[in-house]
Amino acid sequence: MTSSPLPTARDVVDFWRQAGPERWFAKNAAFDTEFISRFAQAHQAAARGELDAWLADAEGSLALLVLLDQFPRNAWRNNPHMLATDGKALAVARKAIDAGFDQQLEPPLRPFFYLPFMHSEVLAEQERSVQLNAALDANTQRFAVLHRDIVARFGRFPHRNKLLGRETTAEEQQFLDSGGFAG
């Protein structure tokens with residue numbers, strides 16, 4: 001059995017641009033299925049480091065971030081694997097931002113350079129998320145502050161506890177029961 005050729009960074013970014021904000025953060029089974037069918041092999045290659053050459057420019061870096069940070073959240077909802085490449089996504093985001101690549105793409109795509117910081121359970125990364133997102137729209141900044149405040153309060157995201165087999169504290173359960181953020 002032979003595998004099909006991997007998509008290019010441009011293929012990933014074009015797909016993401018065409019999906020647009022109305023599909024980026026919505027739960028949509030049809031979109032998830034299309035995303036998976038088109039980019040599962042590329043996600044796996046990116047996770048193995050086989051696409052690290054894409055870090056050479058803004059578009060390639062964005063494509064890696066989509067594959068490492070966003071793809072798993074669509075492909076493996078409510079499965080620990082959705083968080084498996086978060087560390088690599090964060091490393092890509094750091095390098096891309098240090099190179100100024102986030103500033104080379106249009107503002108609607110910039111949050112994808114910053115989301116790996118927002119997805120981290122490390123408070124320093126959350127503080128960086130708030131700082132980076134401050135230059136964006138108020139709604140994006142609102143979510144950055146919300147994420148940071150949860151990690152500042154609990155040291156983690158309580159809504160991940162069940163997924164990760166962690167015990168939920170009484171304070172965390174009260175937060176979740178009162179409508180706490182569900183990510």
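Not measured: the values here are computed from a predicted model. (Residues numbered from 1 in each chain as written. Predicted model: local features only at pLDDT ≥ 70, side-chain atom pairs only at ≥ 80, totals over all residues. Heavy atoms only, no water.)

## Re the pattern of salt bridges
Phase 1: Considering all chains together, one arrives at 15 salt bridges under this definition.
Phase 2: Between Arg10 and Glu59 there is a salt bridge, and its shortest N-O distance comes to 2.8 Å. With Arg10 in helix H1 (residues 9–19) and Glu59 in helix H4 (residues 58–75), this residue pair connects regions lying 49 residues apart in the sequence.
Phase 3: With a relative accessible area of 18%, Glu59 lands in the buried category.
Phase 4: For the salt bridge of Glu34 with Arg38, the shortest nitrogen-to-oxygen distance reads 3.5 Å. Here Glu34 and its partner Arg38 are both found in helix H3 (residues 29–47), four residues apart, which amounts to about one turn of the helix.
Phase 5: Residue Glu34 is classed as partly exposed on the basis of its relative accessible area of 31%. (Salt bridge = Lys/Arg side-chain N within 4 Å of Asp/Glu carboxyl O. Helix = DSSP H or I, 4+ residues; strand = E, 2+ residues; numbered from the N terminus. Buried < 20%, exposed > 50% of the residue type's maximum accessible area, 1.4 Å probe, protein only.)

## Things to note about the side chain of Gln126
Phase 1: As for its position among the elements, Gln126 is in helix H7 (residues 123–133).
Phase 2: Within polar-contact distance, the side chain of Gln126 engages the backbone oxygen of Ser120 at 2.6 Å.
Phase 3: With residues near it in sequence (within four places) discarded, Gln126 still touches Phe117, Met118, His119, Ser120, Ala144, His147, Arg148, Val151 and Phe157. (Polar contact = N/O pair within 3.5 Å; in protein donor to acceptor, adjacent residues only side chain to side chain. Contact = heavy atoms within 4.5 Å.)

## So, the environment of Pro80
Phase 1: Along the polypeptide, Pro80 turns up in the loop between H4 and helix H5 (86–98).
Phase 2: Sequence separation between Pro80 and Leu164 is 84 residues; the distance between their C-alpha atoms is 6.1 Å.
Phase 3: Ignoring anything within four residues of it in the chain, the contact list for Pro80 reads Leu163 and Leu164.

## Description of H7
Since there are 3.6 residues in each turn of an α-helix, residues three or four apart along the chain are aligned in direction.
Phase 1: Within H7, burial applies to Glu125, Gln126, Ser129, Val130, Leu132 and Asn133. Axial view of H7: buried residues confined to an arc of 165°, hence all on one face. Opposite the buried face of H7, by more than 90 degrees, sit the exposed residues Ala124 and Gln131. (Arc of directions from axis to C-beta.)

## Describing helix H8 (residues 138–154)
Phase 1: The end-to-end C-alpha separation of H8 is 24 Å, in line with the 24 Å expected for 17 residues at 1.5 Å each.
Phase 2: Of the residues making up H8, those classed as buried are Thr140, Gln141, Ala144, His147, Arg148, Ile150, Val151 and Phe154.
Phase 3: Lining the buried residues of H8 we find helix H6 (111–118), H7 and helix H10 (170–177).
Phase 4: One side-chain oxygen of the residue at the start of H8 lies 3.1 Å from the amide nitrogen of Asn139, identifying that residue as Asp137. (Expected span 1.5 Å × (residues − 1).)

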